[in-house]
Amino acid sequence: MNHRAYLALAIPLTISTMTTPLLGAVDTAVVGQLPDSAYIGGVAVGTLIFNTLYWVFGFLRVSTSAFAAQASGASDPAQGILALARPFLLAAVVGVCFILLQWPIEYGALILFSSDSDVTKFAAEYFRIRIWGAPFTLMNYVILGWLMGMAKIKESLFLQVLMNVLNMILAILFVHVFSFAVKGVAAAALIAEVAAFILGLLIIMKASPFKWRLPSFRELVDTQSMKKMFNVNKDLFIRTICLLVVINMFTAKGASFGTDLLAANAVLFQIHYIMAYFFEGFANATSILVGKAVGASDKELYKKTLTLSKQWSVITAVVIASVYGLFQEQIISLFTNLPSVIELSTTYGTWLILYPFAACFGLVIYGAFTGATEIAPVRNSMFYAMIVYILIQITATPIWHNHGLWLAFIVYTIGRSGFLVMYTPRLNKKMLYVMKGI
């Protein structure tokens, strides 16, 4: 494993994962050209509702990728099939439950993210269309995670890019040609999610290294394997809840500052997502390589992967911060042409120059823990960082208003990285012992 081999995996994964925040970014940018900031606010709140629903079950992609990578490293076809089948069934059941419970979910979410009447109206329009894509979105998480874990990088890249290009085209068509406004943005996302699901199934059937057979019920519910999967997913679930507490507190507090500031924070948060997903690509590469190292008991691959991950996390942080610092105004103007929102976004956008340096280690090293399916440290570090965020938001926002809100978020991000890095020596010791390295 060298820099070239690591980048050959990381760069396509980065491009692939970058398409995820582009869904929200395109939605924000498309409605940002409409003549009222309430459109941006409505899509921001609607997107946040789905981020909350889907991110709670984001472990479906992460754990699927880790278990698939370990099965691939161990050359175990049976476990490779089960790594897809178990979470796929769970995703389908949860997605259907979301549809059945859509009315109480909408009611509770709109109360939680209360804002002015126009924003609430547009958020409701967005929600009532996109909710029908819930099963497909969650099953797409599993499909994508399995393809990544099996190192089917070209296939996962093709699937993600196609979904998001389709979403972009349809969003522009529905909003600016057919004048469907927020409903058009939601319909575009729904159609793209369903299309990606159908294509994903076809890709798996063609790209799988295994001869497909339906696993038996006994294999699906094997006690030891199910216990391991649920333990990993439980910790990832708690980690995601902590993340969502922070994001939702941030959005709710920003909404209390007024519609224009809500819109400005929504623009900045979309830029932050794009930055975060740059690191996510490297984290996915790290997760796949560590998973393979664990499955194959290859201690040298494990150690080299950690070294390369740390080096490229710093390099990526410098590049991202430099590009954003040099082109801040131009980047913000891609999302909206409303002068008041641009002015506020520019004022508070300086905080995002710090974000890549605050986030780099936590977001990339996270991949080593997921690849090794050692998730308890990830859970703990996120919980500690969440407590830090809550304390700073409560104390800083009354004094520094929206600057205090962004201060709390940056310090939280630093804590998220720092707390996780503190667990790394313990992970190394355990993994080298498991791989008979000591």
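Worth saying up front: this structure is predicted, and the values here are computed from it rather than measured.

Undergrad: Help me out: how do you make sense of the overall build of the chain in this one?
TA: When helices and strands are counted, the chain shows 18 helices and zero strands. In the chain, buried positions account for 59% of the 438 residues. If you take every contact in the chain between residues at least 6 apart in sequence, the share linking residues at least 24 apart comes to 85%. Charged side chains in the chain number 29 positive and 19 negative. The centres of these two groups are separated by 14 Å.

Undergrad: Looking at this model, I keep getting lost on unusual backbone geometry. Mind explaining?
TA: Most of the time, phi is negative for any residue but glycine, and the peptide bond is trans. For Ser297, which is not glycine, the phi torsion reads 55° and is therefore positive. Assignment of secondary structure puts Ser297 in the loop between helix H12 (259-296) and helix H13 (299-326). Positioned with a positive phi, Thr373 is a non-glycine residue whose angle comes to about 50°. Topologically, Thr373 is positioned in the loop between helix H16 (351-371) and helix H17 (376-422).

Undergrad: Could you clarify how one ought to interpret the environment of Val319 in this entry?
TA: Topologically, Val319 is positioned in helix H13. The exposure class of Val319 is partly exposed, given its relative accessible area of 47%.

Undergrad: How should the pattern of salt bridges be read in this particular structure?
TA: Side-chain pairing between opposite charges can occur once the charged atoms of the two side chains come close. With the rule as written, the count across this model stands at five salt bridges. A salt bridge links Asp235 to Arg379, with the shortest nitrogen-to-oxygen separation between them at 2.7 Å. Remark: Arg379 occurs in helix H17 and Asp235 occurs in helix H11 (residues 223-255); sequence separation between them is 144 residues. You can call Arg379 partly exposed: its relative accessible area is 22%.

Undergrad: Is there a simple way to explain the nonpolar core in this structure?
TA: The nonpolar side chains of a soluble globular protein tend to be buried with one another. Ranked by size, the top nonpolar core spans 153 residues in total, and within it Phe98 and Ile271 carry the most contacts. Examining the composition of this core, we find that 22 residues originate from one element, H12, more than from any other. Residue contacts for Phe98: discarding those within four places in its chain leaves Leu53, Tyr54, Phe57, Ile105, Ile131, Ala134 and Leu138.

Undergrad: Help me out: how do you make sense of the environment of Ala276 in this one?
TA: Secondary-structure assignment places Ala276 in helix H12. Separated by 245 residues in sequence, Ala276 and Val31 place their C-alpha atoms 23 Å apart. Once residues within four sequence positions are removed from consideration, Ala276 is found in contact with Tyr355 and Leu363.

Undergrad: Explain a nonpolar patch on the surface to me, please; I cannot follow it from the model alone.
TA: Together, Ile11, Ile15, Val161, Val165 and Ile169 line one region of the surface with nonpolar side chains, adding up to about 390 Å² of accessible area. Elements with a minimum of two residues in the nonpolar patch: helix H1 (3-31) and helix H8 (153-177). With respect to the element layout, Ile11 can be found in helix H1. For Ile11, a relative accessible area of 44% corresponds to the partly exposed category.

Reading the values: the criteria
Position numbers for residues start from 1 in each chain and track the written sequence from start to end. Owing to the predicted nature of the model, reporting of local features is limited to residues with pLDDT of at least 70; listing and counting of side-chain atom pairs is limited to 80 or more, with chain, interface and lining totals taken over all residues. Water and hydrogen atoms play no part in the side-chain values, which are based on all heavy atoms of the structure. We count a stretch as a helix when DSSP gives it H or I for four or more residues in a row; a strand needs E for two or more, and each element gets its number in order from the N terminus. Here the term buried applies to any residue with accessible area under 20% of the maximum for its type, exposed to any over 50%, and partly exposed to those in between, with areas from a 1.4 Å probe on protein chains only. Note on contacts: a residue pair is in contact if any heavy atoms of the two residues lie within 4.5 Å. When charges are counted, Lys and Arg contribute as positive and Asp and Glu as negative, whereas His and the chain ends are disregarded. Charge positions come from single atoms, namely NZ of Lys, CZ of Arg, CG of Asp or CD of Glu. A pairing counts as a salt bridge when a side-chain nitrogen of Lys or Arg comes within 4 Å of a carboxyl oxygen of Asp or Glu. The set of buried Ala, Val, Leu, Ile, Met, Phe, Trp, Tyr and Cys residues whose side-chain atoms join them within 4.5 Å is what this entry labels a nonpolar core. Only residues whose relative accessible area exceeds 30% and that form no salt bridge are eligible for patches; like-charged ones are grouped when within 9 Å, while nonpolar side chains (Val, Leu, Ile, Met, Phe, Trp, Tyr) are grouped when within 5 Å. All accessibility values rest on the Shrake-Rupley procedure with a 1.4 Å probe; residue burial counts only the protein chains present in the view.

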